[in-house]
Amino acid sequence: MGGMKVLVVGATGLLGSEICEKLVAKGHKVRALVRPTSDPARIERLRSMGVELVTGDLKDPRSLEKACHGEEAVISTASSTLSRQPGDSIESVDRDGTTNLIDAAKKERVGRFIFTSFSGKFEEPSPLRDAKRGVEEHLKRSGLEDTILRPTYFMEVWLGPALGFDYAKSSAVIYGAGERKLSWVSFRNVAEFAVEALEKPSARNRLIELGGPQPLSPLEAVRIFERQSGKKFEVKHVPEEALRQQHSAAPDPLQKSFAALMLDYAGGDNVSMTEVLREFPVKLTSVEEYARAVTAPDPKK
Ligand SMILES: NC(=O)c1ccc[n+]([C@@H]2O[C@H](COP(=O)([O-])OP(=O)(O)OC[C@H]3O[C@@H](n4cnc5c(N)ncnc54)[C@H](OP(=O)(O)O)[C@@H]3O)[C@@H](O)[C@H]2O)c1
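Description of the structure in this document. Only a predicted model underlies this, so the values are computations on that prediction, with no experimental measurement involved.

The number of helices and strands found in the protein is 12 helices and 10 strands. Here the C-alpha radius of gyration of the protein, 19 Å, is about what a compact globule of 301 residues would show, namely 19 Å. Looking at the protein residue by residue over its 301 residues, the buried ones come to 52%. Of the contacts formed within the protein by residues at least 6 apart in sequence, a portion of 77% connects residues at least 24 apart. With the model as given, the accessible surface of the protein reaches about 13700 Å², and the carbon-plus-sulfur share is 51%.

Here it is in structure tokens:
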């Protein structure tokens, strides 16, 4: 199957831009919601792929109706947790904005809606968890044919420099003792599942938990990086007690949500992919493959 008209919201982000690329490669007609403030290089990348650009904002319901007009499916990956403008918050974007988008899709008779939520094991109370679960419920009640993707931690983010796993400097921040296993997943695989979910009728009205090929503790992940890079890592732990303290004393919804994610990380998240892979044949990237790619010497140097 090919050639569906798909609106991607979050298209300038890490996951959304990968989804756009994969959709275009499979012959779908992709429209992306962008903002005047979105990174020009990311907008240009979408344009050069042949993606149609529409301007809008999740906080502006009219713009969403226009963006949904004539589309057959919406894929939403947007979140204010990392990419924020004034007025953006977990409440205004992740909760109310995504709810606006579902309502706009319904009004414009878009048949399919694929929502990027997060793992069912992310259970620590937080505004982000409330937003994700609230949107899931709203979507299920909407009457749209939905797919809810529930990925666990992206390896490129949580085993990456932005969150203290600085492999270039052979140093790693670990949340908690680092002994409980997590099914680190590549955002590129999550993008493949989003495209599969769009194309496969069996993905309709489904909730799909997504992880990588093998659960590994953060300390095991460090060892893999040490082997691949040939360098010993300096490991710093943020003790669970300190995370608990950050969680209860968090001054705003964003910090509360990050503290909750770190506590959930410390608790582990082992996702079995056997059933899902039987239906959706995606080749899952391992932490080892990821570590090999990012620690490989730069051929230009
Ligand atoms: N990182 C993980 O480990 C992880 C795990 C599980 C689930 N997830 C989920 O995966 C999804 C994708 O993550 P990501 O890493 O791709 O995020 P990202 O790179 O931060 O991208 C976020 C996107 O949301 C857009 N956005 C933010 N506020 C908006 C608004 N008011 N109106 C319209 N668009 C808005 C941004 O647009 P601009 O460029 O214009 O700001 C950007 O395109 C998120 O929903 C996240 O919760 C992530």
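Near the ligand lie 28 residues; those nearest to it are T12, L15, S38, S83 and F154. In the model, an oxygen atom of the ligand is placed 2.6 Å from a nitrogen or oxygen of the T12 side chain. One of the backbone N or O atoms of L58 is found 2.9 Å from a nitrogen atom in the ligand. Protein chains bury 92% of the 930 Å² of accessible surface belonging to the ligand in isolation. Looking at the shell around the ligand residue by residue, the class counts come to 13 nonpolar, 10 polar and five charged.

We now examine the pairing of strand 1 (residues 5–9). Along strand 1, four of the five residues are buried, which leaves the element largely enclosed by surrounding structure. As judged from the five bridges shared by strand 1 and strand 2 (residues 29–34), these two strands associate in the parallel manner. Looking at strand 2, one finds that V6 is bridged to V30. In this view, the connection linking strand 1 to its parallel neighbour strand 2 by way of helix 1 (residues 14–25) has right-handed handedness. Note that strand 1 and strand 4 (residues 73–76) share four bridges and pair parallel. Bridge pairing links L7 to V74 in strand 4.

A few words now on the packing of aromatic side chains. Across all of its chains, the model carries 15 aromatic pairs by this definition. Relative to Y265, the ring of Y153 lies with its centre 5.8 Å away and its plane at 85°, an arrangement referred to as edge-to-face. Here the residue Y153 occupies a position in the loop between strand 6 (145–151) and helix 6 (155–158), and Y265 occupies one in helix 10 (residues 253–267), the gap between them amounting to 112 residues. A relative accessible area of 1% places Y265 in the buried class. Look at Y167 and Y290: their rings are 6.4 Å apart centre to centre, the planes differ by 90°, and that puts the pair in the edge-to-face class. A residue pair is termed long-range when its members are at least 10 positions apart, and Y167 in the loop between strand 7 (165–166) and strand 8 (171–175) and Y290 in helix 12 (residues 287–295) qualify at 123 residues. One exposure class covers both Y167 and Y290, and it is buried.

Analysis parameters
- Residues numbered from 1 in each chain as written.
- Predicted model: local features only at pLDDT ≥ 70, side-chain atom pairs only at ≥ 80, totals over all residues.
- Heavy atoms only, no water.
- Helix = DSSP H or I, 4+ residues; strand = E, 2+ residues; numbered from the N terminus.
- Rg over C-alpha atoms; globule rule 2.2 N^0.38 Å.
- Buried < 20%, exposed > 50% of the residue type's maximum accessible area, 1.4 Å probe, protein only.
- Contact = heavy atoms within 4.5 Å.
- Areas by Shrake-Rupley, 256 points an atom, 1.4 Å probe, with all protein chains shown as cover.
- Near = heavy atom within 4 Å.
- Polar contact = N/O pair within 3.5 Å; in protein donor to acceptor, adjacent residues only side chain to side chain.
- Nonpolar A, V, L, I, M, F, W, Y, C, P; charged D, E, K, R; others polar.
- Pairing = 2+ DSSP bridges.
- Right-handed = clockwise from strand over helix to strand, strands pointing away.
- Phe/Tyr/Trp six-rings, centres within 6.5 Å; stacked < 30°, edge-to-face > 60°.

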